[in-house]
Amino acid sequence: MKKFLISISSLFIILSFCPLLWAGEPTRVAIIPFNVYAPGDLSYLQDGIFDMLASRIAWEEKVVVLEKHAVKDIYQKYAGNLNEISAKKLGQELKVDYVLFGSLTVLGNSSSLDAKIVATDLNQPAMSVYTQTKSLDEVIPKVDEFAGDINAKIFGRNPVITRTAVAPPKEQTTVAAHPQRILLSSQEEETSSNLNPDFIQLSAKQKKAGFWKSQEFSSVMRGMQVADLDGDGQKEIVFITQTDVWIYRQKGEKLEKLKHIKGKSTYDQLSVDVGDINGNGTPEIYVSNLSSGNVDSFVLEWNGSDFVHIAEHLRWYLRITKLAGGNLTIVGQQKDINSPFALAVCELLWVNKKLAAGEQLRLPVGANVFNFTIADVDGDKTAETIIIDEHNKLKVYSASGELRWKSDEPYGETINFVTANPNRTRSDTEERIYLPSRIIVADLNKDGIAELIVNRNLSTASRLLRNFKEYTSSEIYLLNWDGLGLAESWKTRKISGGVCDYQLVDTDGKDHYELFVGVIMRTGIAPLVSGKSTIISYRLNVSQDEKN
């Protein structure tokens, strides 16, 4: 049961804090980095909580928050023994008006937050918060709420409420049927329940799930692809974890394991792609991989009796994509000495059964092998370059390199990352560069204009904490160009868990599409708690009248 306590003895006490703001000089606040008690390395949460509180409490010309380095040397002598009395002494040494300190304790999937802010010179009780949560994702809203209470009750700062004008409904255009239409019928069909008029009664049709779900796997999925890998006319599913490659075939409602390729303990697999790029009629499996911090990618292929390596120890990150001509190709990018990505992204070619560098691609600044695609999204017969930037914002660039549009909302979040310093491994507390999920190019309504399929993983904590990504729910979107930019045409109902990868598959070559989605249900970041993943798929009802 969650407990949340804000202790302020009376309105008189609240008001007694406020005059400091109007005494002329700004109020000075020292935020002491929170103690983090956790079985694993969650030290990045300390920085995240500090940054979040500092950004919300700082108030131009009224409240100044000391920089972390300004308090580091002094607070260390109080480390592990900070209470209200010692916090007041610390505040006097730092010459601040308030000291904010606390701790975060993580045990399994649950956590507790204990925080206080004390006045240095006033003989007043501390303002405190104590909360217990079922997941780390629930801690951040409590930190945000605590900061809001501090602003309102101590500094007299009320949140600014803005009213957003309601836009007129857009004219409806015909698009391909989508998973949301399969999962639940439209809102017009909703009726009130007899139990309560505010309850929505679901019909039998609405209650029926419109997707298939595989069994659950005790691992954290990093990437997933679907193809007929062995030429038997049936689709196989290949997915990767941090070190291993798994290949399954659907048998009834379950997946039957065909192959488990165990990798080295030093492996850090980032992505998987499937396609017949070497032109021999059998799709290859391309795995982008790091080993001890070095790029060490490889390619697998069915040889008639087994899946074997046909290329190893490649110093390229790999990605299959469509270029301006519309044909599938493999592109690669190497690691730089001082950066995880070299400047050049090149087309790779199979020459004498080896991958070799071909033509360098002309891409916008900030593009890397994982975050771009090329497609004509506006129907002008010229291909645009679409990227997901470091803030997970979609950007559309013209052929000349001009930025034409940027999204307000984030897309393509994943938990996969490389370290900003390529000479450090993922076990180090090093700044991380998170890799976006793939951008799928489609044309479900057959109008000759490209549509994009992207994911959005949902988590307050993961957006605010630099080195922590764990997603509790997610959605898949189809975007198309509305004349001004990319607009959301449809989305799936909320998926329980974070999306790691997805693929649109024409199951029989006759526009019978199925959207396969790899879902991480639990990351297993806590010791003794294993990860958990699954695969779901949606059949898309692309009817003939929707194509026209």
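Above this text sits the structure in question.
This write-up is about the structure you can find in this document.

Here we look at the packing of helix α3 (residues 68–75) against helix α4 (residues 84–94)
The angle between the axes and the distance between the axes are what describe a pair of packed helices. Running from amino to carboxyl end, α3 crosses α4 at an angle of 125°, the nearest separation of the two axes being 11 Å. Judged on the interaxial angle alone, α4 and α3 are oblique. Relative to α4, the crossing made by α3 is right-handed. Of α4, the residues touching α3 (which contributes Ala 70, Val 71, Ile 74 and Tyr 75) are Leu 90, Glu 93 and Leu 94.

Details of the sheet that holds strand β13 (residues 254–261)
Pairing is antiparallel across the open sheet formed by 4 strands, whose spatial order is β10-β11-β12-β13. Each of the sheet's edge strands pairs with one partner strand only, and the pair in question is β10 (223–227) and β13. Within the sheet, the average angular offset between the axes of one strand and its neighbour, ignoring direction, is 25°. Sheet topology places strand β12 (residues 245–251) next to β13; 7 bridges connect them, and they run antiparallel. Residue pairing in the sheet places Trp 246 in a bridge with His 260 of β13.

A few points about the pairing of strand β19 (residues 317–322)
Counted residue by residue, β19 has 5 buried out of 6 residues, so it is predominantly covered. As paired elements, β19 and strand β20 (residues 328–333) share 6 bridges and run antiparallel to each other. Residue pairing for β20: Tyr 317 is matched across the bridge by Gln 333. Taking the residues between adjacent antiparallel strands as the criterion, β19 and β20 are bridged by 5 residues, where Gly 326 takes a positive phi near 95°.

Re the nonpolar core
Membership of the largest hydrophobic core comes to 35 residues, with the highest contact counts inside it found for Val 377, Leu 394, Leu 444, Leu 486, Leu 504 and Val 517. Membership of the second largest hydrophobic core comes to 32 residues, among which are Val 65, Tyr 98, Ala 115 and Ala 119.

Remarks on the pairing of strand β32 (residues 486–491)
Sheet topology note: the strand β31 (residues 473–481)/β32 ladder contains 5 bridges and is antiparallel. Note that in β32 the partner of Asn 480 across the bridge is Ala 487. Two successive antiparallel strands, β31 and β32, enclose a turn made up of 4 residues, where Gly 483 displays a positive phi of approximately 105°.

A short note on the side chain of Glu 451
Secondary-structure assignment places Glu 451 in strand β30 (residues 451–458). Buried within the structure, Glu 451 lacks any salt-bridge partner; its nearest side chain of opposite charge belongs to Lys 446, at an N-O separation of 8.6 Å. For Glu 451, the residues in contact, after removing those within four places along its chain, are Ile 440, Val 441, Ala 442, Asp 443, Leu 444, Asn 445, Leu 478, Leu 479 and Asn 480.

Examining the sheet that holds strand β23 (residues 372–375)
Taking strand neighbours across the sheet as the criterion, the 4 strands line up as β23-β24-β25-β26 in an open arrangement whose pairing is antiparallel. In this open sheet, the two edge strands, each paired with only one partner strand, are β23 and β26 (403–410). The average angle at which neighbouring strand axes cross in this sheet is 20°, direction not considered.

Comments concerning the pattern of salt bridges
The tally for this structure, following the rule as stated, stands at 21 salt bridges. Among the salt bridges present, the one from Lys 395 reaches Asp 389, with a minimum N-O distance of 3.5 Å. Of the two residues examined, Lys 395 and Asp 389, each falls in the buried class. Overlapping salt bridges, with partners in common, bring together Asp 230, Asp 232, Glu 236 and Arg 249 in one network.

Scoring rules and cut-offs
- Note on numbering: residues in each chain are counted from 1, in written sequence order.
- With pLDDT at 70 or above as the cut-off, local features in this predicted model cover only qualifying residues; side-chain atom pairs require 80 or more to be listed or tallied, and sums for whole chains, interfaces and linings still use all residues.
- Computation of side-chain values: all heavy atoms of the structure, hydrogens and water removed.
- Structural elements are reduced to axes, namely lines fitted to C-alpha atoms, with helices fitted over the stretch in contact, and the angle between N-to-C directions of any two is expressed from 0 to 180 degrees.
- A run of H or I in DSSP becomes a helix once it reaches four residues, and a run of E becomes a strand once it reaches two; helices and strands are each numbered from the N terminus.
- Throughout, the term roughly parallel applies to angles under 35 degrees, roughly antiparallel to angles over 145, roughly perpendicular to angles from 65 to 115, and oblique to all others.
- A crossing counts as left-handed when the near helix is turned anticlockwise from the far one by less than a right angle, and as right-handed when that turn is clockwise.
- The criterion used for residue contact is that any of the two residues' heavy atoms lie within 4.5 Å.
- One bridge is not enough; two strands pair if DSSP finds at least two bridges between them.
- Type-normalised accessible area, obtained with a 1.4 Å probe on protein chains alone, sets the label of each residue: buried when under 20%, exposed when over 50%, and partly exposed for intermediate values.
- Nine residue types can take part in a nonpolar core, namely buried Ala, Val, Leu, Ile, Met, Phe, Trp, Tyr and Cys, and a core is a set of them joined through side-chain atoms within 4.5 Å.
- In this tally Asp and Glu are treated as negative and Lys and Arg as positive; neither His nor the chain ends contributes.
- The rule for a salt bridge is simple: a side-chain nitrogen of Lys or Arg has to be within 4 Å of a carboxyl oxygen of Asp or Glu.

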